[in-house]
Amino acid sequence: MNWYSNVVPPKIKALIKREAPENLWVKCPESGQLVFHKDIEANLYVVPSSGYHMRCPVDVRLTNLFDNGELELLPTPEAPVDPLKFRDIKRYVDKLKEYRVKTGAPDAVTLATGKLAGSQVTAAVQDFDFLGGSLGMAAGEAIVAGIDHALAKRTPFIIFTASGGARMQEGMFSLMQMPRTTIAVQRLRDARLPYIVVLTNPTTGGVTASYAMLGDVQIAEPGAIIGFAGARVIEQTIREKLPEGFQRAEYLRDHGMVDMVVARQEMRETLGRLCGLLTKTPPRRAA
């Protein structure tokens, strides 16, 4: 027992000791600077001083995409749960329940439709907070359903990717989503509808090896890690030191793998302009 516990009466202790919220301040991973969380939220989860793009919540990304923040969420198809009866430290079905409660979403991909620069578009957002944005049967079904909606309504399809790759708990069923989504993208191309990919941090593994790199236009957020295998694995395999900034958005743009790197605050305007050009529809500014 210290002097504080012995001397200060309980009622006064209650007045003195006030718990501060844990997320009141956010530390920038790049500069180490502490930033007030409301400043981060007001700036679309981009650190004002360093420009570091933090992970953006799905609802914030969708609201910022559509004109006046008006959108309609689209249903995602149900998929078989735990086809392999997988278990590691805990059962896969229990993990799914945990992440569904945590994120409020049935799986890693959310679909929405609304107007962008005055024209109707369909969008999908991959949530890294749901099992690392991994590509499983449910995520694959959602992407195919989103593309089906774009085909039916004759709209451009925009996808924001964020993933560690295929979902290991579903084995071959997960890997089969790579050709399924690739075929769906080809259907968009056959229908001459725009398919635009926005690569966010990180986009890796089987997602990069399939629909994430098939866009008519490839956009990346600043500093995003984009690749198939991790940099450390590549270095160990080729036994060479990789170049500075390897697998970062800016490096990939300079070497022709990405068309442009666009800051989050400019993303909606850029996407609206691209959709207008690809559909030959002049973009209109939202009121």
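Thresholds applied
Residues numbered from 1 in each chain as written. Predicted model: local features only at pLDDT ≥ 70, side-chain atom pairs only at ≥ 80, totals over all residues. Heavy atoms only, no water. Helix = DSSP H or I, 4+ residues; strand = E, 2+ residues; numbered from the N terminus. Buried < 20%, exposed > 50% of the residue type's maximum accessible area, 1.4 Å probe, protein only. Polar contact = N/O pair within 3.5 Å; in protein donor to acceptor, adjacent residues only side chain to side chain. Salt bridge = Lys/Arg side-chain N within 4 Å of Asp/Glu carboxyl O.

Trainee: Help me understand the side chain of T208, please; the structure alone is not making it clear to me.
Mentor: Within the secondary structure layout, T208 lies in helix α9 (residues 205-208). Using a relative accessible area of 8% as the deciding quantity, one classes T208 as buried. A polar atom in the side chain of T208 sits 3.3 Å from the backbone nitrogen of T204.

Trainee: Would you mind showing me how to read the pattern of salt bridges here?
Mentor: Between side chains of opposite charge, a pair can form when the charged atoms approach closely. Using the criterion set out here, one finds 14 salt bridges in the structure. The partner of D148 in a salt bridge is R187, and the shortest N-O contact between them spans 2.9 Å. Residue D148 is found in helix α6 (residues 137-153), and its partner R187 is found in helix α8 (residues 177-190); the two are separated by 39 residues along the sequence. Residue class for D148 comes out partly exposed when judged on its relative accessible area of 31%. By relative accessible area, R187 is classed as partly exposed at 36%.

Trainee: Help me out: how do you make sense of the environment of K27 in this one?
Mentor: Along the chain, the position of K27 falls in strand β1 (residues 25-27). On the accessibility criterion, K27 (57% relative accessible area) is exposed.

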